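What follows is each chain in one-letter form.
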Amino acid sequence: MNNIKVRLAKNKKELMMVFKIRKIVFIKEQNVSKNIERDEFDKTAKHFALYYKNRPVGCARIRFINRKAKLERIAVLKEYRGKGFGKIIVDYLIKYCKKKKMKKIFMNAQYYLKDYYKKLGFKPKGIIFEEAGIKHIKMYFGNK
Ligand SMILES: CC(C)(COP(=O)(O)OP(=O)(O)OC[C@H]1O[C@@H](n2cnc3c(N)ncnc32)[C@H](O)[C@@H]1OP(=O)(O)O)[C@@H](O)C(=O)NCCC(=O)NCCS
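Owing to the predicted nature of the structure, the values given are computational and were not obtained by experimental measurement.

## Thoughts on the sheet that holds strand β6 (residues 122-131)
Then, number 1: The 7 strands lie next to each other as β1-β2-β3-β4-β5-β7-β6, forming an open sheet whose pairing is mixed. This sheet does not close on itself; its edge strands, each paired only once, are β1 (4-8) and β6. Going across the sheet, the axis of each strand differs from the next one's by a mean of 25°, ignoring polarity.
Then, number 2: Relative to strand β2 (residues 46-52), β1 runs antiparallel, the two sharing 5 bridges. Residue pairing in the sheet places I4 in a bridge with Y52 of β2.
Then, number 3: The sheet contacts of helix α1 (residues 12-29) involve β2, β3 (55-65) and β4 (68-76), and relative to β3 the element is tilted by about 95°.
Then, number 4: Helix-sheet contacts for helix α3 (residues 85-99) involve β1, β2, β3, β4, β5 (104-110) and β7 (134-141), and the interaxial angle to β3 is about 35°.

Below you can see the structure in the form of structure tokens.
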């Protein structure tokens, strides 16, 4: 665990690392259009990277909408999956949001990950919908 760190991206170089992971995972692997993947919210969101042995291998962003936090763009490079890195990122984001006293923490989860996020404390709410050509469902952290 000493080899793993999650950090807020603080400069352009760190932000570029985040965008690179997103490009590999969402654009190349999941075929999301690059016009959708990068959006206007990138300017104002908080971006995070997970480093394994000083190599950035995972990322996420948080959008703050009033007192609500929306977790987005959670990704781990394929070759580093299944090691608990996704959980470490999500736990870190939740802690960060709680520290910022957010009233709600939610996400539009990819539907195939519904059970995965359930294990991390999220509950699905509402109907399945499509975003970027992928099935999604809204999920809220805790009992909200
Ligand atoms: C989602 C993602 C970030 C998870 O990262 P990860 O580092 O592999 O996740 P973890 O190692 O923390 O979790 C793996 C665990 O989840 C389980 N899991 C994986 N996919 C699952 C699924 N679809 N449903 C339920 N459990 C699942 C694994 O079996 C494993 O369980 P275990 O801990 O009991 O062995 C990664 O798969 C990813 O980048 N996917 C592509 C991008 C994406 O879809 N992002 C989500 C946008 S909402």
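## So, α1
Then, number 1: Between its first and last C-alpha, α1 extends 24 Å over 18 residues, near the 26 Å set by a 1.5 Å rise per residue.
Then, number 2: At K23, α1 shows its strongest bend, of approximately 30°.
Then, number 3: Turning to α1, its buried residues are V18, I21, R22, V25 and F26.
Then, number 4: Tucked into the core, α1 has its buried residues touching α2 (34-37), β2, β3 and β4.
Then, number 5: Looking one or two residues past α1, N31 carries a phi angle of roughly 60°, positive in sign.

What counts, and at which threshold
Residues numbered from 1 in each chain as written. Predicted model: local features only at pLDDT ≥ 70, side-chain atom pairs only at ≥ 80, totals over all residues. Pairing = 2+ DSSP bridges. Helix = DSSP H or I, 4+ residues; strand = E, 2+ residues; numbered from the N terminus. Axes fitted to C-alpha atoms, helices over the stretch in contact; angles between N-to-C directions. Contact = placed C-beta atoms within 7 Å. Expected span 1.5 Å × (residues − 1). Bend = angle between axes of the 7 residues up to and from the residue. Buried ≥ 20, exposed ≤ 12 C-beta atoms within 10 Å, placed from the backbone.

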